[in-house]
Amino acid sequence: MSRLSIVRHAARKGRALSPLALTANALRPASFGQPVGGWAFTAGWHVSELPLLTLGVQSALTARAVRGGRWKTPAGLLRVGAQAASAAGLWQLQKAAVDSKGVLEDALSEGLGPDYTQLADKAGIGPAEGPGINPWAALPTWLTRSSRLRASAIQYGPHGKRNRLDIWADPAIRPGDRAPVLIQVPGGGWVMGDTRHQAYPLMDRLRTAGWVCVPISYRLSPKATFPDHIVDVKRAIAWVKAHIAEYGGDPDFVVITGGSAGGHLSSLAALSANEPEFQPGFEDADTSVRAGVPFYGVYDLLDWNGKGGPAGSVRHIERMVLKSSPTTDRERWTKASPLSWAGPDSPPMMILHGTNDSLVPIDGARRLARALRSSSDQPVVYAELPKAQHAFDIYGSLRTLYAVRAVEHFLAYVRAGYVLEGGPASPVASEGVSS
């Protein structure tokens, strides 16, 4: 057999096995941490969140590849067998997404108590009954930004387009209504991310339930060096508290969320309220928040996987973000770690992380939840979403819809405590929001 024939034969076998390889990587990522973990994430993210759509596409491509009797050939038989095995794996991924509903409900019951919905009902702000979530929908929920905006590109700080924010709010919310407020911090490895494309399912659900949502941008590395990023987040919180009433928001009830680098920064902001070092020039501003809801964040920069951190990811932070070594600059790396700020003054927290996260291993999330539960009297809800990859909530997938519903329940609980203490209830009824 010639060398060219060998190459062609190997290519045919590779194409035949590719559906199974993609599904196997989504079920169990090839590696964790950079650089291989990045490839595993890129290849597995879409598959793990959209398994039914993936199954349809793979099946159609396989049918095309083996049409006309080609299924009888060795390559055809290999392709059909690989597709059958891939289909079985995709059904496992779909089942994991369906199971997320129970995982989240158990996490809420454990963190808030089995009767957690009664407090929100008592305060008159419980989630309304609405259309259910279809667990067998193959396509994700599609959301557009423009129809949900109240205002965009508002300057909150001195650093140009990197200090801008948008405001999502129902048209019925008017100045003076004092609606609850969510600040959303984007992710992107501290080197990318702005007010667009992230957390749309969560912000849309809360907007419908009467919230004002504020996605922000912040200075990015490599130009920015920590603590520039968290300084901007704190400045955005201060701006929201000073100005959100003009858009119908309640400056006394602000919560914060974010994913990945945004999970790191949102949790750090929630846990380090009013820290002067992170508020240069506005030390007297109140930057406390009522709750934090970080998604798949880095919580211990010194040891975020129980092994000192994925080597490639640590090098990225050394070169791009902190621009120092954890061995020679340990105090600064510790201050940059949300885990080091967990304590008795921590606000209520809900932490969500996927078990298959190949970019940010789940160990750090587990340790943050344990630290908060041992040091704070405030509620801590911790949910490990089965077989979920990093950035799972970008899509309006089944798992995401269950997750944002659970976040709304958590925030309704926190909001209820505030209302029952004398704060105003949300002015807009949450009509059409599924419970």
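A short tour of the structure in this document, coming up.

What follows deals with the overall build of the chain. In terms of regular secondary structure, the chain is built from 12 helices and 8 strands. In the chain, of all internal contacts separated by at least 6 residues, the share reaching a separation of at least 24 is 79%. Counting only carbon and sulfur atoms, one obtains 55% of the accessible surface of the chain, whose full area is about 18000 Å².

A word on the packing of helix α4 (residues 74-112) against helix α12 (residues 398-420). One can describe the packing of α4 onto α12 by two numbers: an axis separation of 8 Å at closest approach and a directional angle of 10°. As far as their axial angle goes, α12 and α4 are roughly parallel. Here α4 contributes Gln94, Ala96, Ala97, Val98, Ser100, Lys101, Leu104, Glu105, Leu108 and Leu112 to the contact with α12, which in turn contributes Leu398, Arg399, Tyr402, Ala403, Arg405, Ala406, His409, Phe410 and Tyr413. In terms of residue class, the contact of α4 with α12 is made up of 12 nonpolar, 3 polar and 4 charged.

Let us now look at the environment of valine 380. By secondary structure assignment, the location of valine 380 is in strand β8 (residues 380-385). The sequence separation of valine 380 and alanine 369 amounts to 11 residues, and the corresponding C-alpha distance is 7.0 Å. Dropping the residues within four chain positions of it, valine 380 is found in contact with Gly111, Met349, Ala369, Leu372 and Arg373.

Attention now goes to the environment of aspartate 232. One can find aspartate 232 in helix α7 (residues 228-243). Residue classification places aspartate 232 among the buried positions, given a relative accessible area of 0%. For aspartate 232 and histidine 159, which are 73 residues apart along the polypeptide, the C-alpha to C-alpha distance reads 8.9 Å. Other than its neighbours up to four places away in sequence, aspartate 232 contacts Tyr156, His159, Arg162, Asn163, Tyr218 and Arg219. A polar atom in the side chain of aspartate 232 sits 2.8 Å from the backbone nitrogen of arginine 219.

Another point: the nonpolar core. Formed by 107 residues in total, the largest nonpolar core has its most connected members in Met350, Phe410 and Leu411. With 13 residues, α12 is the largest single contributor of residues to this core. Every residue in contact with leucine 411, bar those within four places of it in the chain, is listed here: Leu182, Leu206, Trp211, Val255, Ala291 and Val293. Listed in part, the 6 residues of the second largest apolar core include Ala26, Val47, Leu90 and Leu93.

Scoring rules and cut-offs
- Residues numbered from 1 in each chain as written.
- Predicted model: local features only at pLDDT ≥ 70, side-chain atom pairs only at ≥ 80, totals over all residues.
- Heavy atoms only, no water.
- Helix = DSSP H or I, 4+ residues; strand = E, 2+ residues; numbered from the N terminus.
- Contact = heavy atoms within 4.5 Å.
- Areas by Shrake-Rupley, 256 points an atom, 1.4 Å probe, with all protein chains shown as cover.
- Axes fitted to C-alpha atoms, helices over the stretch in contact; angles between N-to-C directions.
- Parallel < 35°, antiparallel > 145°, perpendicular 65-115°, else oblique.
- Nonpolar A, V, L, I, M, F, W, Y, C, P; charged D, E, K, R; others polar.
- Buried < 20%, exposed > 50% of the residue type's maximum accessible area, 1.4 Å probe, protein only.
- Polar contact = N/O pair within 3.5 Å; in protein donor to acceptor, adjacent residues only side chain to side chain.
- Core = buried A, V, L, I, M, F, W, Y, C linked by side-chain atoms within 4.5 Å.

Geometric descriptors of this kind do not, in isolation, establish any biological role.
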